[in-house]
There are 2 protein chains.
Amino acid sequence: MKYMKKSFKAMEPYFSKNIDDGIILNANESPFNVPKPIIKGFFKELKKVSFNRYPDMQNIKLCESIAKRFNVKPTEVTCGVGSDELIETTFKCVLEPNDKVVSFSPSFSMYTVFAEQCLAKFITVDFNEDYSFDVETMINTIKENKPKLVLICTPNNPTGAFLEETDIRRIVESTNALVILDLAYIDFADYDYTNLAMQYDNLIAFRTFSKAMAMPSLRIGYCISNEDNINMINAVKAPYSVSVPAQIMARIATENIHLYNDDIRAIIVERDRLYIELKRSFNVYPSKSNFIYLELNEEIYNALLNEKIYIKALKNNKYRISVGTKEENDKLLKVVMNYEK
Amino acid sequence: MKYMKKSFKAMEPYFSKNIDDGIILNANESPFNVPKPIIKGFFKELKKVSFNRYPDMQNIKLCESIAKRFNVKPTEVTCGVGSDELIETTFKCVLEPNDKVVSFSPSFSMYTVFAEQCLAKFITVDFNEDYSFDVETMINTIKENKPKLVLICTPNNPTGAFLEETDIRRIVESTNALVILDLAYIDFADYDYTNLAMQYDNLIAFRTFSKAMAMPSLRIGYCISNEDNINMINAVKAPYSVSVPAQIMARIATENIHLYNDDIRAIIVERDRLYIELKRSFNVYPSKSNFIYLELNEEIYNALLNEKIYIKALKNNKYRISVGTKEENDKLLKVVMNYEK
C-alpha cells in the first residue's frame, strides 16, 4: 500500500465473509427480525420520504425518543453509524499519540483498531480464570498507567461476563480518565445501568440498535452522557452519518420498546439452556449476553461448518456461539454434543 | 469540553439546521426525488430484508454494478457513508501530523476539518479572479511544499468551476502525492473523467449518490482507483458502515442510470437559465454544477428568508444557490431581481 503512512503500515482490513445461507451464529445478531408492527410503521413512514433531501444531522426526533426513554435531555444524547462510530469518535477526541487506553481483554476487537489509529498505547487487563472481571487489577493498572481512556464492555464481548454496578462505580471513581461504558448487550443482562452515565463527569454509556433491537442492517447506535461530553463527540464526528431509514426505524423501535420483550426473553431462555447443555461436555463460561463463550476445538468447528452452522472462532480454542432460535440451537447441539469433553 | 485533547480544543460542531418547509436551495440537493421505478424496485427488495442481519461489509453486489458501469474490476471500487467517509479515511491513511495538504480555495468545507483532525497543514491555492482554476499556481505550490495529498474538487463546490482533463493530468503528473479527485458534481458537467483514476497510481476518483443520484438521505458514495489504493482505504475504514437500504437503492440506481437523464438535463437547463437571468444584475460565476456561485448581499438574503427561500451564505458577500425546479427558481428570481447590481 504505497501511499499508506508509515505509522499505519501494519493495518489490515477487518474481514468477515457475508453468509446468506445456513445457520448464522457468528455475529451476535438477533435470530429474530424486527417486530412486525415496527416494520409496518417503518414502511409507512419511509414511503413518504423525499430521498433527495439530507437527513436531519441532529437526529432530533430520535434523540427526543431516546431521551424520553432514559429520562435525560435530548442534548444528552447523540446518534451514530452503530455505536462503533461514536466509540471511534470518542477515541479521536481524547487520544493524542502515545496516550494510554486500558481495557479488559479479550474484549470487542475494534477497540484495539481504534487505539492503533490514534497511535495510542493499548494496555490490557486479563479476566480472572473463570472469566469474571478482575476489578482489583483494573484499578491498579489504571493507577500505574494513568490512561486517558478506560474501556468497559458489559456484558463483555466475547466472554459474556457481566460487571456489577458497584464495580463499575469503583472503576469510574478510581480515575480521572474518561470511561467508555459499552452496553451493546445490556438488554440481555439482569438489569440496565445506562443512567449511571448521568452521575459521573467521566462516564459515557454507548448503546446500539444492532443487537437486541435487531437492526444491524441499518447501522445505528447512540450514546448518553452530560452535555459537555456529547458536545465533544458532536464536534468531531461526521456531520451527516445516520441515514433517514435508520432514524425512522430506531425511533419507532424506541417508542415501542415493549414489542421486543418476548424476543429478548426467548433469547435469554435459549442462552441459559445452551449453557446448561454445553456445560455437560465443555468448559463454558457464564453469559449475560446473547452468546456463549466456550472451549471447543477445530474438529467440532469443522463439523459445524459441514452442516453450514457458522460460529466465531477465537484464539486458544475459544469459540463464541451467538444464541439462535430454539430450532437453530437444537441443530447446533446435535452436532456439538457428539463430541466428549 | 473537559476531555477533548489539546490539539482538538478549537473544534466546533458543523451545524446546519434541518429545514422541512419552504424552498430549500442551500444544500446542493436535487430538487427531484429518486425516479419512481427505482423507488419501486427499492421497496420491493427492502420488504424481503432480514433487518436483524449485518450488511455485506464488502458491498459486493453494489461494487459489481459500479465496476460494470465504469468498466473496472469490483476490487477497484469501495463504498462508504457518502463520499465524505471515504475522503476522510484517505486523509487518515496518508497524513501524519504536520504533513501537508494542498487544495484550491474556496472548496468543500469538510476538507479543512479532515485535515485538522489529522493535525496536517492545509495549504490553499486561490482561484483566478474569474473563479477559473489557477493551475500554474497549484503546480508551483505543490513543487514548493511537497504535500502528501492534493485535493481537486471539480466541478468545484462552492464555485461551480470545471477543470479540464488536460489540467487534471498536468497536476497529477506534477506530483508524487496522492491526488483526491472529488467528482461529487460531475454528472452536471459536460463530460466525465472518473476513469482517469485508472491511468495513474496516485489518483483516486470519489463519487457520491447524494447529488445527481438524489439519495443523500441514504448516505452512500464510492471511490475508484487501483487495487492498492482501494485496499489501503479498506484497511482503515470502519468495517460495517453502509446500510442495507443504501446498498439496495444505489445498486438499482446504478443499473438504471438512464432513468436520471431527464432530471439531470432539467437541472442543467435551469442552471443555465438562472445564470443568464442573474447575470443581468449580479456578479455570477460560470457553473458546471447544480448550483450557482454569485455576489449578493444580506438584504437580498434576508428578503429570500422572508419568503422561506433558503440559499447558502458564504464569506465576502458570496452566496451559493442550488438549482431548484423551474417553479422554485422562478420564485427565487422574483425576489432577487427586485434588486439592482
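Residues numbered from 1 in each chain as written. Chains lettered and ligands numbered in written order. Predicted model: local features only at pLDDT ≥ 70, side-chain atom pairs only at ≥ 80, totals over all residues. Heavy atoms only, no water.

Topic: the pairing of strand β4 (residues 121-126) of chain A
Residues and elements named next belong to chain A. Here strand β3 (residues 100-105) runs beside β4; their pairing, made up of six bridges, is parallel. In the sheet register, Val102 faces β4, and the bridge partner there is Ile123. Each parallel crossover has a hand, and the one from β3 via helix α4 (residues 110-117) to β4 is right-handed. (Pairing = 2+ DSSP bridges. Helix = DSSP H or I, 4+ residues; strand = E, 2+ residues; numbered from the N terminus. Right-handed = clockwise from strand over helix to strand, strands pointing away.)

Some remarks on the confidence of the model for chain A
For chain A, the average pLDDT comes to 96, and 99% of its residues sit at 70 or higher. In the predicted assembly, ipTM is 0.97 and pTM is 0.97. (pLDDT = per-residue confidence, 0-100.)

Section: the packing of helix α3 (residues 82-94) of chain B against helix α7 (residues 227-236) of chain B
Residue and element names in this part refer to chain B. Remark: α3 packs on α7, axes separated minimally by 9 Å, with the N-to-C direction vectors making an angle of 95°. For the element pair α3 / α7, the angle class is roughly perpendicular. Only Met232, Ile233 and Val236 of α7 make contact with α3, whose side of the interface consists of Leu86, Thr89, Thr90, Lys92, Cys93 and Val94. Among the residues forming the contact of α3 with α7, the class breakdown is six nonpolar, two polar and one charged. (Axes fitted to C-alpha atoms, helices over the stretch in contact; angles between N-to-C directions. Parallel < 35°, antiparallel > 145°, perpendicular 65-115°, else oblique. Contact = heavy atoms within 4.5 Å. Nonpolar A, V, L, I, M, F, W, Y, C, P; charged D, E, K, R; others polar.)

Re the relation of the copies chain B and chain A
For the pair chain B and chain A, the relating rotation is 180°, the translation along its axis is 0.0 Å, and the fit reaches an RMSD of 0.0 Å. Expressed as a symmetry operation, the mapping of one chain copy onto the other fits a two-fold axis. When you check the interface residues of chain B against chain A, 100% turn up at the interface there too, and the contact is symmetric in its surfaces. (Least-squares fit on C-alpha atoms with pLDDT ≥ 70 in both.)

What to know about helix α2 (residues 60-70) of chain B
Within the sequence span of α2(B), burial applies to Leu62(B), Cys63(B), Ser65(B), Ile66(B), Ala67(B) and Phe70(B). Turning to α2(B), the residues buried within the fold contact β2 (77-80), β7 (203-208), β8 (221-224) and α8 (244-255) of chain B. (Buried < 20%, exposed > 50% of the residue type's maximum accessible area, 1.4 Å probe, protein only.)

Notes on the sheet that holds strand β10 (residues 291-295) of chain B
Residues and elements named next belong to chain B. The strand order across the open sheet built from five strands is β1-β11-β12-β10-β9, with neighbouring strands paired in mixed fashion. Whereas interior strands pair on both sides, the edge strands pair on one side only; in this sheet they are β1 (23-25) and β9 (284-285). With two bridges connecting them, strand β11 (residues 309-313) and strand β12 (residues 318-322) associate as antiparallel partners. Across the sheet, residue Ala313 finds its bridge partner in β12, namely Tyr319. The strands touched by helix α9 (residues 261-279) are β9, β10 and β12; relative to β10, the strand with the most contacts, the crossing angle is about 15°.

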